[in-house]
Amino acid sequence: AQSVTQLGSHVSVSEGALVLLRCNYSSSVPPYLFWYVQYPNQGLQLLLKYTSAATLVKGINGFEAEFKKSETSFHLTKPSAHMSDAAEYFCAVRGNTGGFKTIFGAGTRLFVKA
Amino acid sequence: EPEVTQTPSHQVTQMGQEVILRCVPISNHLYFYWYRQILGQKVEFLVSFYNNEISEKSEIFDDQFSVERPDGSNFTLKIRSTKLEDSAMYFCASRRDTGYEQYFGPGTRLTVT
């Protein structure tokens, strides 16, 4: 069965600092991986996706993630945090049964300090 | 840019009542999904729907739940007799036939009192 594990339910950074949100996956087949962002009281917005092309994936709002098969990781980074980045971030993997559901991690809430 | 839309944005209902949550997926998408997120918890898969039938469902999706695509545009989730623990944000999502990612609606917050 596929799953993702997000390390750290809360991450706090200062404005302008590096953002690093960690995600490890488990999959019996080559995975398709995603990062979604959820702002307070809003829906889920796709930040970026890995679909077995380039291992370094660039997304919206300056975020990027690197797929590392040897480490089964798909960590999300942004060089310089902005106050508007404060949100909940979900790592997810596409299921490989039935309708190819999305399997979400528990989420990491990012706080950005001024 | 096309979006998934959901109505209502917030619904309050009494325990034991039936509710219908409505979604309009993106028009050329063929796979449709419902997920829920209990406050403070992760997003959980409920059901996927393709070619007018359920393609997969989770253990949460018991006999109290049903889905329907009553016409060419709407996709609904019905909860037959709501319980307090059904209180959650319900997200609809859709996907193209050949796409990898799902596009999510803004959600319906269901409050069961």
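Figured I'd write up the structure that's included with this text.

Take the overall build of chain B next. Counting its regular elements, chain B contains 0 helices and 11 strands. Listed by position from the N terminus, the elements making up chain B come as β-β-β-β-β-β-β-β-β-β-β. For a compact globule of 113 residues, the expected C-alpha radius of gyration is about 13 Å, and chain B comes in at 13 Å, within 12% of that figure. Considering only C-alpha atoms, chain B reaches an extent of 40 × 25 × 25 Å along its principal axes. Classification of the 113 residues of chain B by burial places 45% in the buried group. Put simply, of all contacts in chain B between residues at least 6 apart along the chain, 54% involve residues at least 24 apart.

So, about the state of the cysteines. This structure, assessed with the given rule, holds 2 disulfides over all chains. The disulfide that involves Cys23(A) links it to Cys91(A), with 1.9 Å between the sulfurs. The disulfide joining Cys23(A) to Cys91(A) has a torsion of about -65° about its S-S bond and is therefore left-handed. Residue Cys23(A) is located in strand E3 (residues 19-26), and its partner Cys91(A) is located in strand E9 (residues 87-94); the two are separated by 68 residues in the primary sequence. You can call Cys91(A) buried: its relative accessible area is 0%. Here Cys23(B) pairs with Cys92(B) through a disulfide, and the sulfurs are 1.9 Å apart. What sets the handedness of the Cys23(B) and Cys92(B) disulfide is the S-S torsion sign, and at about -65° it is left-handed. Here Cys92(B) lies in strand E9 (residues 88-95) and Cys23(B) lies in strand E3 (residues 19-24), a separation of 69 residues in the sequence. Residue Cys92(B) is classed as buried on the basis of its relative accessible area of 0%.

Attention shifts here to the sheet that holds strand E1 (residues 5-7) of chain B. Residues and elements named next belong to chain B. Pairing in this open sheet of 4 strands is antiparallel, and the strands run E1-E3-E8-E7 from one edge to the other. Each edge of the open sheet is held by one strand with a lone partner, namely E1 and strand E7 (65-68). In this sheet, neighbouring strand axes are inclined to one another by 20° on average, regardless of whether the strands run parallel or antiparallel. As paired strands, E3 and strand E8 (residues 75-79) are joined by 5 bridges and run antiparallel to one another. When the bridges of E8 are listed, Leu21 appears paired with Leu77.

Once that is clear, we can look at the sheet that holds strand E6 (residues 56-58) of chain A. All names here are of chain A. Strand order in the open sheet formed by 5 strands is E1-E3-E8-E7-E6, and the pairing between neighbours is antiparallel. Two strands bound the open sheet, and with one partner strand each, they are strand E1 (3-7) and E6. Across the sheet, the mean angle from the axis of one strand to that of its neighbour is 20°, orientation sign disregarded.

Criteria and thresholds
Residues numbered from 1 in each chain as written. Chains lettered and ligands numbered in written order. Predicted model: local features only at pLDDT ≥ 70, side-chain atom pairs only at ≥ 80, totals over all residues. Heavy atoms only, no water. Helix = DSSP H or I, 4+ residues; strand = E, 2+ residues; numbered from the N terminus. Rg over C-alpha atoms; globule rule 2.2 N^0.38 Å. Buried < 20%, exposed > 50% of the residue type's maximum accessible area, 1.4 Å probe, protein only. Contact = heavy atoms within 4.5 Å. Disulfide = S-S within 2.5 Å. Pairing = 2+ DSSP bridges. Axes fitted to C-alpha atoms, helices over the stretch in contact; angles between N-to-C directions.

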